[in-house]
Amino acid sequence: MPCHAMPCHAMPCHPIPWGHAHGQDGRGAGQTPRSGRAPSPGASRGCPCLGSSGLGCVLRPLPQPLSSGCARSLPDAAVDRTQEQDPARGLFRRTVEVPAMVRYIHQWLMDNQFAEQRLNRALLDLTEEQPADVVMTLLCVAPSCDRAAFTMWKSIMCSPRTAEPVQLMLLDVLGSWPEHSTFTSDGDKTGVFVLAATVVMWKILQVPCVPQMVTVYFPHLLVHLLFQVFFSTLDMPEEVDTFWKGCQQQYGLATSPSRFAVRTLKSLLCQMEHEDVVLAMERKRGWDTLLCADTHHYAVGLLAREISRVSIPLCSRIARYLLQLLSTLEPRWELPALAFLVEVLECLNLSGGSANRVLQILSRHLHSKCRDRRRLALRALLKLIDNPSMSEKMWSLTESLVELLCDTDGEIVSMTVTLLSFISQDKDMLIGSSIALRLVEALLPLFDHDNSQVQLLSILLFQTLVSLPLQKDKKALKTHARQSLLPLFFHCHDEDGRVAQASQETLLCVAHFLKRRDLEKVVKNKKLWKFTECLLADDSSRAAEHLRQAMPYLESPEEPLREAAIRFLGMAGRQLRGKKEELQLICEALEGTANDISVAVGSLAIQTLYILQAVERAGYSILDSLHDQLRRAWRTRPCLLGLGWLRCRSCAEC
């Protein structure tokens, strides 16, 4: 079993009884045993992590003595065994003196290099009684983790009595940037640099026997180190930079704080036997990507995928912790945390309240001003659409998703349309009529989107919505359906075969919904060249609207759509004889298309323009006017017949 995987209580990590620390016969500090020889370095029974040393060295007293209360709380060479075995809570009655005791122990160890075990028990008693005071004082006294401080850290992190509260306090510090605001029981409000806690963790990870709490809280350490990499690339206050330069000189670290955090993260992964993850990130240049604030979240996502390949249970633990962080009001590390969570969502058990928490988090990010957050939230929802416990709750997001259809990012719109398609196709998740109308209206502009996938999905979703059995607002839905006729007609000529096929199917569905049997017959028989005539013959009052819809297709990047637009304008021009303003608008548009990059399109525009000008010069005779009036009267015959007009059908059909 590797050292870091072995529980601390399974190792000989208990503190040395004071009888052994002072010699087998109970002599005081610095006294030589009866054998006349000083104890050998291996004679003590301390934890291997602590590097136990002999006690036959000369101990130097602290120049500045403690108060009487502090002194009585610390072990003395003359203390008898009965007093030594008293619990710490009976000794440390004045918590205000705990920071002073920690400083005393640190200074004493600095002055007495090979006697770290002499104050081991006192340190553990102090930490067990007041862990926050001990941790914060030690980080303030020795922020660069000197030799004495490291000895103290190893003692309190290897002991089962103190390991967990100490690790939790370090995690609390690691989760802040650039410093952790706190104050000790003696009123000291000196801030603690987060990098000081990182240095402690880095040094602890170098020892052969890594404390068990590092394994227990590995997901938390991983997340907070990633957090620190991100913020150290964004913000480096002057005082933190000064502190780090001192650490560089002390340990010979030719690296920046962000790279040091990455180095610590690598050490953590290796100690947890995930060297494959470190190597995979190296091959894919993930560590370099992690060091850039703009690409940090991409690297976090890559790291999540690599970890998921080696350990699903570990990903589950990390995901649960990230879910906890993202559930807070304003987490400072939302984007990278969300990037990691999206990659490991499948590892989460979404039964019970977890599903609601995930949905709340994703819903919040759908409204984010950050484009990457919106993308990640949509990616997560797409992953969860097949999860029964989540798909049933998706309907609550419909309104938010409709708003995203106006987004300028094609990828966001594509994912949004896909999600809405899933929701609308589920019979158990009916969309309200008001939202359906808003959705239909938002989909119409997407028929002409630059992304063909968005075009395809929006056209198919439109078809689904038109087929819904809406009881209310049916009249408003018909208005939107009429507006879709011409765009769908043009996209029946789309270069993308899938878009063209979907347009024809949707056009047939819309014609059936509007009860336009003439259009339905034309589309069903695939005689699209008759579609324009049928559409314009229905109501000439909509001619201006049809022209407004058709004009943009003259500038379409697809040649077949430009050709279809020219033919439509030619047919419309013949239908609009006598209306000079509309004809002038059509002629100007065709003149602009005469120099099209495609020779075929340019020639078609010139020919159509010539025909319209010739028809206009021929004039509009009284007979033509009467003929048009009779045709319009015939189309409105049910109303007129009730008034006793136009009894002769043959005259109307001439």
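Our subject is the structure that appears above.
Everything numeric in this text was worked out from a predicted model, so none of it was measured. (Residues numbered from 1 in each chain as written. Predicted model: local features only at pLDDT ≥ 70, side-chain atom pairs only at ≥ 80, totals over all residues. Heavy atoms only, no water.)

Focus on the overall build of the protein
Each helix and strand in the protein was counted, giving 36 helices and two strands. Buried positions account for 51% of the 654 residues belonging to the protein. (Helix = DSSP H or I, 4+ residues; strand = E, 2+ residues; numbered from the N terminus. Buried < 20%, exposed > 50% of the residue type's maximum accessible area, 1.4 Å probe, protein only.)

So, the pattern of salt bridges
Under the criterion given, the structure shown has 22 salt bridges. Between lysine 383 and glutamate 343 there is a salt bridge, with the nearest N and O atoms lying 3.8 Å from each other. With a gap of 40 residues between them, lysine 383 in helix α20 (residues 371-384) and glutamate 343 in helix α18 (residues 334-343) connect regions that are remote in the sequence. Note that aspartate 518 and arginine 516 form a salt bridge whose closest N and O atoms lie 3.0 Å from each other. Among the residues examined, aspartate 518 registers a relative accessible area of 32% and is labelled partly exposed. Judged by its relative accessible area of 12%, arginine 516 is buried. A single salt-bridge network, built from bridges that share partners, covers Arg305, Glu343, Glu346, Arg379 and Lys383. (Salt bridge = Lys/Arg side-chain N within 4 Å of Asp/Glu carboxyl O.)

Considering the packing of aromatic side chains
Counted by the stated rule, this structure contains eleven aromatic pairs. Summarising the aromatic geometry, the rings of phenylalanine 447 and phenylalanine 462 are spaced 5.4 Å apart at their centres and angled 80° between planes, so their arrangement reads as edge-to-face. Taken together, the residues span a long stretch of sequence, with phenylalanine 447 in the loop between α24 (433-443) and α25 (452-466) and phenylalanine 462 in helix α25 at a distance of 15 residues. For the residue pair phenylalanine 447 and phenylalanine 462, the accessibility class agrees, reading buried in each case. For the ring pair phenylalanine 489 and phenylalanine 531, a centre distance of 5.0 Å and an interplane angle of 10° mean the geometry is stacked. Residue phenylalanine 489 is located in helix α26 (residues 474-491), and its partner phenylalanine 531 is located in helix α29 (residues 531-538); the two are separated by 42 residues in the primary sequence. On the accessibility criterion, phenylalanine 489 (4% relative accessible area) is buried. Three or more aromatic residues joined by ring pairs make a cluster, and in this case those are Phe489, Phe490, Phe531, Tyr553 and Phe568. (Phe/Tyr/Trp six-rings, centres within 6.5 Å; stacked < 30°, edge-to-face > 60°.)

Some thoughts on helix α13 (residues 257-271)
In a regular helix each residue adds 1.5 Å, so 15 residues correspond to 21 Å; α13 covers 21 Å between its end C-alpha atoms and thus fits that length. Within α13, eleven of the 15 residues are buried, which leaves the element mostly enclosed by the surrounding structure. When we look at burial in α13, the residues that qualify are Pro257, Ser258, Phe260, Ala261, Val262, Thr264, Leu265, Ser267, Leu268, Leu269 and Gln271. In the stretch just after α13, glutamate 273 is the one whose phi turns positive, near 65°. (Expected span 1.5 Å × (residues − 1).)

Describing the packing of helix α16 (residues 296-310) against α18
The geometry of a pair of packed helices is captured by two quantities: the angle between their axes and the separation between those axes. Two elements in contact, α16 and α18, have axes separated by 8 Å at closest approach and are oriented at 30°. Regarding the angle of α16 to α18, the classification is roughly parallel. As for the relative orientation of α16 and α18, their crossing is right-handed in sense. Residue-level inspection shows His296, His297, Val300, Gly301, Ala304, Arg305 and Ile307 of α16 in contact with α18, the latter providing Leu335, Pro336, Ala339, Phe340 and Glu343. Considered class by class, the residues forming the contact of α16 with α18 number seven nonpolar, three polar and two charged. (Axes fitted to C-alpha atoms, helices over the stretch in contact; angles between N-to-C directions. Parallel < 35°, antiparallel > 145°, perpendicular 65-115°, else oblique. Left-handed = near helix turned anticlockwise from the far one by under 90°. Contact = heavy atoms within 4.5 Å. Nonpolar A, V, L, I, M, F, W, Y, C, P; charged D, E, K, R; others polar.)

Focus on the packing of helix α27 (residues 497-513) against helix α28 (residues 517-524)
Packing of α27 against α28 leaves a shortest axis separation of 8 Å and a crossing angle of 160°. Compared by their axis directions, α27 and α28 come out roughly antiparallel. As for how α27 packs across α28, the hand of that crossing is left-handed. Facing α27, whose interface residues are Gln504, Leu507, Leu508, Ala511 and His512, α28 presents Leu519, Glu520, Val523 and Lys524.

Brief notes about α20
Given a rise of 1.5 Å per residue, 14 residues ought to cover 20 Å, and the 20 Å separating the end C-alpha atoms of α20 matches this to within 8%. Among the residues of α20, those classed as buried are Asp372, Arg374, Arg375, Leu376, Ala377, Leu378, Ala380, Leu381 and Leu384. In this structure, the buried side of α20 is in contact with α16, α18, α19 (354-366), α21 (388-391), α22 (398-404) and α23 (410-425).

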